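Structural characterization, general
Here's the letter readout for the chains.
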Amino acid sequence: MSATTAQATLPAGRHEIISRLHRIEGQVRGIERMVEDDRYCIDVLTQVAAASRALQGVALALLEDHIRHCLAGPGLGLPEDRVKEASAAIARLVHS
């Protein structure tokens, strides 16, 4: 099965996550080129920090998806506002 075929069968939110991961992959390749080109260390570190934040964003999106579909799925009784509240609290914790 090709990557395009596999993406076509993913749930809607997963397409966005895959797109974000592809952008992060490009960022990391850019960082590799910066190191190979002996670019200014602070510029490289700035890009590393940006890639790390982007990965944190993906992790938070996956965690929210897990809360919403695995912990608060149909019949489990966790209201949507509680899912959002838990997701926001986790995001604040990660960003602190």
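In what follows, the accompanying structure is described. (Residues numbered from 1 in each chain as written. Predicted model: local features only at pLDDT ≥ 70, side-chain atom pairs only at ≥ 80, totals over all residues. Heavy atoms only, no water.)

Per the counting criterion, the structure on display carries three salt bridges. Of the charged contacts, one joins Arg23 and Glu16 as a salt bridge, the two residues approaching to 3.7 Å between their closest N and O atoms. Between Arg29 and Glu25 there is a salt bridge, with the nearest N and O atoms lying 2.9 Å from each other. Pair noted here: Arg29 and Glu25 are both in helix α2 (residues 12-36), with a separation of four residues, about one helical turn. Judged by its relative accessible area of 41%, Arg29 falls in the partly exposed class. Among the residues examined, Glu25 registers a relative accessible area of 42% and is labelled partly exposed. (Salt bridge = Lys/Arg side-chain N within 4 Å of Asp/Glu carboxyl O. Helix = DSSP H or I, 4+ residues; strand = E, 2+ residues; numbered from the N terminus. Buried < 20%, exposed > 50% of the residue type's maximum accessible area, 1.4 Å probe, protein only.)

In short, the description is geometric, and any link to function would need to be established separately.
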